[in-house]
Amino acid sequence: MQELQCLFALMLGTQRKFVDPTAALELLKGAFKSPDEQQQDVSEVTHKLLDWLEDAFQLSVNTNSSPQDKSENPMVQLFYGTFLTEGVHEGKTFSRIETFGQYPLQVNGYRNLNECLEGAMVEGEMEPLPSDQLVKYGQERWFTKLPPVLTFELSRFEFNQSLGQPEKIHNKLEFSQMIYMDRYLYSNKEIIQRKRVETRKLRKEIAVLQQKLERYVKYGSGSSRFPLPDMMQYVLEFASTKLPLVVPSAQDSQRMPAQSQVECCSLNEPLRQNSIRKKESTESIEGATSTVVNPLPQQERMNKLPQPSYLPAEIPECPAPHVATEEEVSLVRTCLQRWKSEIEQDMQELKDCTTRLNQSIDQMYGDPVLCQVPYHLHAVLVHEGQANAGHYWAYVYDQPRKSWLKYNDISVTESSWEELERDSYGGLRNASAYCLMYINDKLSHYVADDASEVGNFQREVEALPPELQNYIQEDNWRLEQEVEEWEQEQSCKIPQIESSVNSASQDFTSESGQDQPLGCEHSICSLSSEHARIAKDQTAQAIANTADAYEKNGVEAALSELKETEPVKSQLSGTALTVQSDQQRETKRTEAAAQPSSQVSEVEIPRVGKILVRADADGYNEEVMLSPAMQGVILAIAKARQTFDRDGSEAGLVKAFREEYSRLYLLAKETPTPQNDPRLQHVLIYFLQNGAPKQVVERTLLEQFADKNLSYDERSISIMQVAQAKLKEIGPDDVNMEEYKKWHENYSLFRKVSVYLLTGLELYQNRKYQEALTYLVYAYQSNATLLMKGPNRGVDESLIALYRRKCLLKLNDMAAALFVSRAEADVVEGTNILNDLIIPCMHLIINNDISKDDLDAIEVMRNRWCSYLGQEDMDANLQLKLGELLPRLLDSSAEVIILKEPPKIRPNSPYDLCSRFAAVMESIHGASPVTVK
């Protein structure tokens, strides 16, 4: 219980991506340690956990009754119910009440969950029999008390006695998101028993109908049985087939009597003709022997003699009647078509009648009186694999999101009911539901109300005992230390990606960033604000270059320098950017210092120098380096100077907004090149190219004008404050915040894919194939998610696939060479590369839409390993290891794909990202390799 307290406390207050439950599980595993039991089923572990929790809570239950009374135990109240068993055994009746937790249900022989429950509640024969016969065995179960959490354990494993090993049952079993338990309650016993009698009668009628239908579907005797309509269709096709017209040669006409030519279509004609030809051949041979002296040796003469044939001379290519008049064919066709139509009508009537009876059974319990105890599906535990090995994951319904979440090890993703059905019903692959957890209506409403409270987690953390709060703080501190150590290690392994001012955006979170709920507006704002600030490094660089040029050569040089700065150099011709003189700047400083309601801070910008910055108290943060939102916003504000001076700050914002929008719109229309992807330069270019809603585009651009770091002169401060005020006026009815969030998440994922691809290509060029493959695989998988939403949402899929394929082939060659080197360390290394990278990646490719190039590459790799089988110079140990590897290499049907995740990446400036991207692309497309420092 102490270990569980720590585990649950961390789940509430940790800043980690996931919490490791190993410590608690190790204690639980200790209960199973015995020489006979080496591996436990998950249900056994669950039973043991509930038993321990029950015992622990019982110690704290204040009751004056005996220790056996567990009515006040919260675990019993939540997870345990009771049922009454009534029955007959060898003529004697019995009745007993039992307690249950996880209720076991057999899967074999049932179609859905209700059929499983019916089978579990009724066993044997309970109907009254004639007085001279006794019921030997029969029993019924009735729930007398249902727990708030109702758990069904689906028995999908059975022991195969002939093979001497357990097997998994892959049969399909359907279940719904809501079930009604009224039909299994003791309080409804009388009405349910009547309905069961009616149901049994209907099932008997269905069985009779199915037997009749079976006679049509499997017609014939012995082991060969076929559908009767098909057989009639085949006979009809046979009767309608005509033999091809064969014109005999002149020689055959002379040899054949006239009567033989007339009877050429009779059944015995081919055999008779064959006999005639045998006779003629014999006579011809004898005549030739008696009249001609052949100079060839006797053996050669014998080889040249015609050999007798024992097959009919003429066999038609397809079966057909040899003699059939038009009248006969017409009569047969008429009869067969009529009989076939009658049979099909009879079969359809049998099917329709069976369907109606099944619908009556399904509607038997649809009475509103029997729909008073609803249970909602809350969680599904899924097992993939076989009886002796496999992988578990779970689906849990999340009330705040009103959607299903998939918990797969450390990965938690949003899912859908359709995906849950596909994974859980069974029958298709070797994945199926193993455990179903339903909660009653009262508990469902409680969960929904509890989840709707904002900040509930924080309040629960604050309510924890001080020692647990300290435990959370210490673990979060250890996390910070781990992150620092990880960063130091990664700086030595891979090219370091520079982080921007705020590197903890939602899609680029490091483990130190605490995840925000998807529905939280703060997470939306942080994501879009990250995109609003994402070009600050580039902006600072542009301002620095402009300042240097101004100091050296004046205004014209400064304008020229700013026009040449990426990514806006093609759009800035003719821009009138006002550069203040030293006297004007000094005047501004004096005015700013004279205003009591403002703060003046001296801030040093790299490569620019120290400047005085004025900002309102809630605006500029003097601890943060002054970095305007992006150079496009700065230039747009500069263009709006006259409008601002003439009509005020609001008109200036409108003018600047239109200027920046027009610039980005033109950039979005430019044709991209392999070395230049304008979507990397600005979030709005991505939005415009993919047809984002106008409200999303305008709000995103407005957020950039509202960035608090625009506090560098009077005009920009005024425009920033107006933009902030307008942002506050935008309500949920004006912008769909859920849609707004998804567009920014897509752009974050696009940048993540770009960084994965870029890093993978750079590593590939440096011949670091193991590291490169992981990045390229994750780039491909994430990119596929984007491309499903539109062709411009992601990057070039063929480029990722090409270098993923090249990496695979390089690694396969490396692993194979190490494996056959016979050195123990090399063999281990080659095996690890195959197991950890090559096989998971191959199976990931095969399970998706595989291209011909990828398929050919996989066949090459497989053939390489198969060629080692049976090599005489390979020792027995290597052959044994090869035998263990090949099944996984060749068969991906039962493979659980677990690929090592690449190191976490952080966002970097568009300038750096674009320049590195251009360098790699130039190298790929035939130019000499370019190194970017």
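The rules behind these values
- Residues numbered from 1 in each chain as written.
- Predicted model: local features only at pLDDT ≥ 70, side-chain atom pairs only at ≥ 80, totals over all residues.
- Heavy atoms only, no water.
- Helix = DSSP H or I, 4+ residues; strand = E, 2+ residues; numbered from the N terminus.
- Buried < 20%, exposed > 50% of the residue type's maximum accessible area, 1.4 Å probe, protein only.
- Areas by Shrake-Rupley, 256 points an atom, 1.4 Å probe, with all protein chains shown as cover.
- Salt bridge = Lys/Arg side-chain N within 4 Å of Asp/Glu carboxyl O.
- Polar contact = N/O pair within 3.5 Å; in protein donor to acceptor, adjacent residues only side chain to side chain.
- Axes fitted to C-alpha atoms, helices over the stretch in contact; angles between N-to-C directions.
- Parallel < 35°, antiparallel > 145°, perpendicular 65-115°, else oblique.
- Contact = heavy atoms within 4.5 Å.
- Core = buried A, V, L, I, M, F, W, Y, C linked by side-chain atoms within 4.5 Å.
- Pairing = 2+ DSSP bridges.
- Patch = residues over 30% accessible without salt bridge, like charges linked within 9 Å, V, L, I, M, F, W, Y side chains within 5 Å.
- Lys, Arg positive; Asp, Glu negative; His and termini not counted.
- Charge placed at Lys NZ, Arg CZ, Asp CG, Glu CD.
- Expected span 1.5 Å × (residues − 1).
- Arc of directions from axis to C-beta.
- pLDDT = per-residue confidence, 0-100.
- Phe/Tyr/Trp six-rings, centres within 6.5 Å; stacked < 30°, edge-to-face > 60°.
- Lys NZ or Arg CZ within 6 Å of the ring centre and 35° of its normal.

Of regular secondary structure, the protein possesses 33 helices and 16 strands. A buried classification covers 40% of the 933 residues belonging to the protein. Accessible area of the protein: about 52800 Å², with a carbon and sulfur share of 52%.

Looking now at the pattern of salt bridges. For the structure on display, the rule yields 32 salt bridges. As a salt-bridge pair, Glu54 and Lys70 come within 2.5 Å of each other at their nearest N and O atoms. Here Glu54 is found in helix H3 (residues 42-60), whereas its partner Lys70 is found in the loop between H3 and helix H4 (74-79), with 16 residues between them in sequence. Salt bridges here are not isolated pairs; linked through shared partners, they connect Arg16, Asp475, Arg478 and Glu482.

This next bit is on the side chain of His682. Mapped onto the elements, His682 comes out in the loop between helix H23 (649-669) and helix H24 (683-689). A distance of 3.2 Å separates a polar atom in the side chain of His682 from a polar atom in the side chain of Gln704.

Moving on, we come to the packing of helix H29 (residues 797-819) against helix H31 (residues 852-866). Running from amino to carboxyl end, H29 crosses H31 at an angle of 0°, the nearest separation of the two axes being 10 Å. Accordingly, the angle class assigned to the pair H29 and H31 is roughly parallel. Facing H29, whose interface residues are Ala801, Arg804, Arg805, Leu808, Leu809, Asn812, Asp813, Ala815, Ala816, Ala817 and Phe819, H31 presents Asp853, Asp854, Ala857, Met861, Arg864 and Trp865.

This next bit is on the nonpolar core. Core analysis: the biggest nonpolar cluster contains 89 residues, and Phe687, Phe705, Leu757, Leu773, Phe819, Ile838 and Trp865 have the highest contact counts within it. Broken down by element, this core gets its largest block of residues, 13 residues, from helix H27 (residues 737-765). With residues near it in sequence (within four places) discarded, Phe687 still touches Ala692, Val696, Val697, Thr700, Trp743, His744 and Tyr747. Ranked by size, the runner-up nonpolar core spans 36 residues in total, among them Val107, Met121, Tyr184 and Val382.

A separate point is the pairing of strand E10 (residues 374-386). Of all 13 residues in E10, 10 are buried; the element is thus mostly enclosed. Relative to E10, strand E9 (residues 178-180) is paired through three bridges, and the arrangement is antiparallel. Looking at E10, one finds that Tyr180 is bridged to Pro374. In the sheet, E10 pairs with strand E14 (residues 431-440) via nine bridges, with the strands oriented antiparallel. In the sheet register, Val382 faces E14, and the bridge partner there is Ala433.

A few words now on the environment of Ala638. Its place among the elements puts Ala638 in helix H21 (residues 631-639). Remark: the alpha-carbon pair of Ala638 and Arg715, spanning 77 residues in sequence, is separated by 8.9 Å.

Another point: the pairing of strand E6 (residues 149-155). Here E6 lies mainly inside the structure; seven of its seven residues are buried. Going residue by residue along E6, you find Val149, Thr151, Glu153 and Ser155 tucked away on one face and Leu150, Phe152 and Leu154 tucked away on the opposite face as well. For strand E3 (residues 102-106) and E6, the ladder comprises five bridges, and the chain directions are parallel. Among the inter-strand pairings, Gln106 is bridged to a residue of E6, identified as Ser155.

Let's shift gears to helix H5 (residues 113-121). The element H5 is extensively covered by neighbouring structure, given that seven of its nine residues are classed as buried. All of the buried residues along H5 are Leu113, Glu115, Cys116, Leu117, Glu118, Ala120 and Met121. Here H5 starts with a cap whose side-chain oxygen sits 3.2 Å from the backbone nitrogen of Asn114, and that cap is Asn112.

Further remarks concern the side chain of Gln399. On the secondary structure map, Gln399 appears in the loop between strand E11 (389-398) and strand E12 (403-408). For Gln399, a relative accessible area of 12% translates into the label buried. Within the structure, Gln399 has its side chain in polar contact with the side chain of Lys402 (distance 3.1 Å).

A positive phi is found at Asp409, a non-glycine position, where the angle reads about 55°. Relative to the assigned elements, Asp409 resides in the loop between E12 and strand E13 (411-415). Look at Asp409 and you get exposed, because its relative accessible area is 56%.

On to a negative patch on the surface. Together, Glu480, Glu484, Glu485 and Glu489 give the surface a local cluster of negative charge. Examined against the element boundaries, Glu489 turns out to sit in helix H16 (residues 466-493). Accessibility expressed as a relative area gives 44% for Glu489, which makes it partly exposed.

A separate point is H3. For H3, which comprises 19 residues, the first-to-last C-alpha distance of 28 Å matches the rise-based estimate of 27 Å (1.5 Å per residue) to within 8%. The complete set of buried residues in H3 reads Ser43, Leu50, Leu53, Glu54 and Gln58. When H3 is viewed along its axis, its buried side chains cluster within an angular range of 135° and face the same direction. Buried residues along H3 sit against helix H1 (2-13), H4, E3, E6 and E14.

Per-residue pLDDT for the protein averages 74, and the proportion of residues at 70 or more is 68%. Counted against residues more than four places away or in other chains, residues 249-296, with its pLDDT under 50, gives 30 contacts.

In this section: the packing of aromatic side chains. Taken as a whole and assessed by the stated rule, the structure comprises 23 aromatic pairs. Grouped by ring-pair contacts, the aromatic residues Phe175, Tyr397, Trp404, Trp417 and Tyr425 constitute a single cluster. Above the face of the Trp743 ring, Arg793 is positioned so that its terminal group lies 4.1 Å from the ring centre. The residue whose ring lies beneath Arg804 is Tyr780, and the NZ or CZ to ring-centre distance is 4.0 Å.

Our focus in this paragraph is the environment of Glu467. Position of Glu467 among the secondary structure elements: in helix H16. As a C-alpha pair, Glu467 and Cys6 span 461 residues in sequence and 9.8 Å in three-dimensional space.

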